[in-house]
Amino acid sequence: MTPTKKTELLSLDRICLQFGARQVLKGVDLNVTEGEVVVLIGASGSGKTSLLRCINLLYTPSSGKISIDNEVIYHEGSDKKVGSKITKREVNRIRSNTGMVFQQFNLFPHMTALQNVMEGPVIVKRENPATVREKAMQLLTMMGLEQHVDKYPRQLSGGQQQRVAIARAVAMQPKVMLFDEPTSALDPELVGEVMKAIVDLARTGMTMVIVTHELGFAFEVADRIVFLDEGVIVEQGAPQKVLLHPEHPRLKSFVGRFHESADLLRPFLEARMKENS
Amino acid sequence: MFDYTVITNNIGLLWQGLLMTLYFTVITISAGLAIGLVVGLVQLTTFWPLVLLGRIYVEFFRNIPLLVTLLWVYYAFPIFAGVNVTKFWAGFIGLSCYIGSFYAEILRAGVQSVDPGQTDAATAIGMSYGQRMRRIILPQAFRRMIPPLAGQSIIQMKNTTLLSMITVPDLLYQASYISSFTYRPMEVYTAVGAIFLIILVPLTYLARKLEKGGVSAK
């Protein structure tokens, strides 16, 4: 391995995924360094959500290799009791190294916001409930939800629910956070608050892989944007390069619409970039 | 002419019959819940031989008339197996297996009605299968299962009257016994119908209230 400034945290090696006869992922290589924010973009059906779900083994790849923090969590055939043996218990432990936020929030409806956040650390990690409670309160406060800790999900807006879901995932102290279209199910006026929560989290140095259709958001939060098309990565790079100077024809047509609005937004975007650097 | 003395003179027999009916209702519902839990959960695994076995059990007992099951367990099974089965055990086994198949279906449907996103979310925070079921899926499923469970249990109490066909002295059996020596079937069977109404109407009402509560709790 070539020595790099930052350590490699997540590494996907020739990941393939097959559903029946359909090949969803056709050999994806992706390395994410510590603290990096990678945004996956691509048309519907390009395999970006599937790729995300492979990272925490919600989907089992058909071949390839995945490691997190130098620990191999999946190796071709490891689910078929050949090669490296990874037991079910191991898989569950490995999963808690990744936190996932879903499009539909998926909060537990029979628990309050606070209970949702406490559930993982208390039940899975068996941590002391009193300590967890304190930590969960801090997280919810960080998410701007201190008024809502004892409310049930149905009493919260979509944006509030999604922020609880982010707190729930962060409470497990994951090494990588995975976001699966975190703002797609939200009313337009609620998108901003969730984006802000994700950007704030990124600034704390959390490593993230984000799937989104919001290219403006991708531009703002990403260190690197990865464009997937029909199960392969066709182009990747810094946000300005991928979104403003795309090379691959598929990417060009994909970001075409963004271009039009980007021209309008250019002054805003440039100001933002100066502020960030 | 409705002769009340037929009932008042034989109230002791009716009381004994009612106790027997309630007794069988309670014990077969309890055993049926245990059977339903096992068979229902078995069908939710991904191990196909178990799923198939559960399926066969459910279709078997759901599609044979209860009366046939009871008669078969009491009269035919002892000949097949060469064992002696008392009418109490035959009634208990027949009714429990029957209700168990319905409970299993209710449980399976209840669990499957829970949004798959819940399983994803629970899995993503590292929960094992057991933790997911116990903490996340079953609490949500049970809430939805209360109305059909209540409804099926009410049907079960009525079904216990079939026990009279294998001479278990339940309420209906006592009624036919009383009418056999008083020659007053009208009074006796009217009384039996009234007793069921008095017990089951409030329970049905309660089940409906639970149903409404269950919906508002999501």
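Above this text is the structure in question.
Since the model is a prediction, treat every value here as computed from it, not as a measurement.

Quick notes on the packing of aromatic side chains
Residues and elements named next belong to chain B.
Now for step 1: Following the criterion strictly, the structure yields 13 aromatic pairs over all chains and no others.
Now for step 2: Aromatic side chains Tyr57 and Phe61 sit 4.8 Å apart centroid to centroid with 50 degrees between the ring planes, which places their arrangement in the tilted category. Of the two residues, Tyr57 and Phe61 are both situated in helix α3 (residues 48–63); the distance of 4 residues between them amounts to about one turn of the helix. The same class applies to Tyr57 and to Phe61, which are both buried.
Now for step 3: When the ring of Tyr177 is compared with that of Phe181, the centres are 5.1 Å apart and the planes differ by 75 degrees; the resulting orientation is edge-to-face. You can see Tyr177 and its partner Phe181 sitting in helix α8 (residues 171–182), 4 residues apart, about one turn around the helix.
Now for step 4: A relative accessible area of 41% means that Tyr177 is categorised as partly exposed.

Focus: the sheet that holds strand β8 (residues 207–211) of chain A
Residue and element names in this part refer to chain A.
Now for step 1: Taken in spatial order, the 6 strands make up an open sheet running β6-β7-β8-β3-β9-β10, and their pairing is mixed. Of all the strands in the sheet, the pair left with one neighbour each is β6 (98–101) and β10 (232–237). With strand direction ignored, the average angle separating the axes of adjacent strands in the sheet is 20 degrees.
Now for step 2: Note that strand β9 (residues 224–229) and β10 share 5 bridges and pair antiparallel. In the strand pairing of β10, Asp229 is matched with Val232.
Now for step 3: Taken strand by strand, helix α5 (residues 158–170) contacts β6 and β7 (176–180), and its axis lies near 170 degrees from that of β6.

A word on a nonpolar patch on the surface
Now for step 1: On the surface, a nonpolar cluster with roughly 480 Å² of combined accessible area is contributed by B:Trp48, B:Leu52, B:Ile56 and B:Phe60.
Now for step 2: With respect to the element layout, B:Leu52 can be found in helix α3.

Structural notes on the pairing of strand β2 (residues 22–33) of chain A
On any regular strand, side chains alternate: one points to one face of the sheet, the next to the other face.
Residue and element names in this part refer to chain A.
Now for step 1: Bridge analysis of strand β1 (residues 8–19) against β2 gives 9 bridges, and the strand direction is antiparallel. Bridge pairing in β2 links Phe19 to Arg22.
Now for step 2: In this antiparallel pair of consecutive strands, β1 and β2, the connection spans 2 residues, and Gly20 shows a positive phi of 60 degrees.

Regarding α8(B)
Residues and elements named next belong to chain B.
Now for step 1: The terminal C-alpha atoms of α8, which comprises 12 residues, lie 16 Å apart, in line with the 16 Å expected from a rise of 1.5 Å per residue.
Now for step 2: When we look at burial in α8, the residues that qualify are Leu171, Gln174, Ala175, Ile178 and Ser179. Seen along its axis, α8 keeps its buried residues to an arc of 135 degrees; they face one direction.
Now for step 3: Just beyond α8, the residue with positive phi is Tyr183, at close to 55 degrees.

Considerations on the interface of chain A and chain B
You'll often see interface size given as the accessible area lost when the parts meet.
Now for step 1: Contacts between the two partners involve 23 residues from chain A, matched on the other side by 21 residues from chain B.
Now for step 2: Summing the contributions of chain A and of chain B, the shared interface buries around 1,800 Å²; its carbon and sulfur component is 60%.
Now for step 3: In this structure, the connection of chain A to chain B is made through 2 salt bridges.
Now for step 4: In this structure, A:Arg53 and B:Asp120 form a salt bridge, with 2.8 Å as the shortest nitrogen-oxygen distance.
Now for step 5: The element contributing the most residues to the side of chain A that touches chain B is helix α3 (residues 113–124) of chain A, with 4 residues.
Now for step 6: Across the side of chain A that touches chain B, the residue classes tally to 10 nonpolar, 7 polar and 6 charged.

With respect to the sheet that holds β2(A)
Residue and element names in this part refer to chain A.
Now for step 1: Spatially, the 4 strands line up as an open sheet ordered β2-β1-β4-β5, and their pairing is antiparallel. Two strands lie at the open edges of the sheet, namely β2 and β5 (71–75), each paired on one side alone. In this sheet, adjacent strand axes meet at a mean angle of 15 degrees when their direction is disregarded.
Now for step 2: Where helix α1 (residues 48–55) meets the sheet, it contacts β1, β2, β4 (63–68) and β5, and its direction lies at approximately 120 degrees from that of β1.

Section: the packing of helix α2 (residues 11–42) of chain B against α8(B)
Residue and element names in this part refer to chain B.
Now for step 1: With their axes 7 Å apart at the nearest point, α2 and α8 run at an angle of 160 degrees to one another. Between α2 and α8, the angle is such that the two are roughly antiparallel. The element α2 and its partner α8 pack so that their crossing is right-handed. Between α2 and α8, the contacting residues are Leu13, Leu14, Gln16, Gly17, Leu18 and Thr21 on the first element and Leu171, Gln174, Tyr177, Ile178 and Phe181 on the second.
Now for step 2: Here the contact of α2 with α8 is composed, by residue class, of 7 nonpolar, 4 polar and no charged.

Some details on the nonpolar core
Now for step 1: Ranked by internal contacts, the top residues of the largest apolar core, which has 57 residues, are A:Leu10, A:Leu12, A:Leu25, A:Leu40, A:Ile66 and A:Val209.
Now for step 2: Here this core gets 7 residues from one element, more than from any other, and that element is helix α7 (residues 129–159) of chain B.
Now for step 3: Ignoring anything within four residues of it in the chain, the contact list for A:Val209 reads A:Leu10, A:Val32, A:Val38, A:Leu40, A:Leu52, A:Ile55, A:Val176, A:Met177, A:Leu178 and A:Phe179.
Now for step 4: Judged by nonpolar contacts, the second largest core, of 53 residues, contains A:Met177, A:Ala197, A:Val221 and A:Leu244.

What about the side chain of A:Ser63?
All names here are of chain A.
Now for step 1: Mapped onto the secondary structure, Ser63 falls in strand β4.
Now for step 2: Residue Ser63 is classed as buried on the basis of its relative accessible area, which comes to 16%.
Now for step 3: If sequence neighbours within four positions are ignored, Ser63 has contacts with Arg14, Ile15, Cys16, Tyr74 and Glu76.

Considerations on the environment of A:His245
Residue and element names in this part refer to chain A.
Now for step 1: Turning to its location among the elements, His245 is positioned in the loop between α8 (239–244) and α9 (249–276).
Now for step 2: The exposure class assigned to His245 is exposed, which follows from its relative accessible area of 55%.
Now for step 3: Sequence spacing of His245 and Val255 is 10 residues, and the spatial spacing of their C-alpha atoms is 9.6 Å.

A few points about the packing of α2(B) against α7(B)
Residue and element names in this part refer to chain B.
Now for step 1: Between α2 and α7, whose axes approach to 12 Å, the crossing angle comes to 145 degrees. As for the relative orientation of α2 and α7, their crossing is right-handed in sense. Between α2 and α7, the residues in contact are Thr21, Leu22, Thr25, Thr28, Ile29, Leu33, Leu37 and Leu41 and Met133, Phe142, Leu149, Ser153, Gln156 and Met157, respectively.
Now for step 2: Looking at the contact of α2 with α7 residue by residue, the classes come out as 9 nonpolar, 5 polar and no charged.

Here we look at the pairing of β6(A)
Residue and element names in this part refer to chain A.
Now for step 1: Side chains of β6 alternate between two faces, with Thr98 and Met100 and Gly99 and Val101 buried alike.
Now for step 2: Two strands pair when backbone bridges link them, and β6 and β7 are joined in this way by 4 bridges, in the parallel orientation. Residue pairing for β7: Gly99 is matched across the bridge by Met177.

The rules behind the values
Residues numbered from 1 in each chain as written. Chains lettered and ligands numbered in written order. Predicted model: local features only at pLDDT ≥ 70, side-chain atom pairs only at ≥ 80, totals over all residues. Heavy atoms only, no water. Phe/Tyr/Trp six-rings, centres within 6.5 Å; stacked < 30°, edge-to-face > 60°. Helix = DSSP H or I, 4+ residues; strand = E, 2+ residues; numbered from the N terminus. Buried < 20%, exposed > 50% of the residue type's maximum accessible area, 1.4 Å probe, protein only. Pairing = 2+ DSSP bridges. Axes fitted to C-alpha atoms, helices over the stretch in contact; angles between N-to-C directions. Contact = heavy atoms within 4.5 Å. Patch = residues over 30% accessible without salt bridge, like charges linked within 9 Å, V, L, I, M, F, W, Y side chains within 5 Å. Areas by Shrake-Rupley, 256 points an atom, 1.4 Å probe, with all protein chains shown as cover. Salt bridge = Lys/Arg side-chain N within 4 Å of Asp/Glu carboxyl O. Expected span 1.5 Å × (residues − 1). Arc of directions from axis to C-beta. Buried area = accessible area lost by both parts, 1.4 Å probe. Nonpolar A, V, L, I, M, F, W, Y, C, P; charged D, E, K, R; others polar. Parallel < 35°, antiparallel > 145°, perpendicular 65-115°, else oblique. Left-handed = near helix turned anticlockwise from the far one by under 90°. Core = buried A, V, L, I, M, F, W, Y, C linked by side-chain atoms within 4.5 Å.

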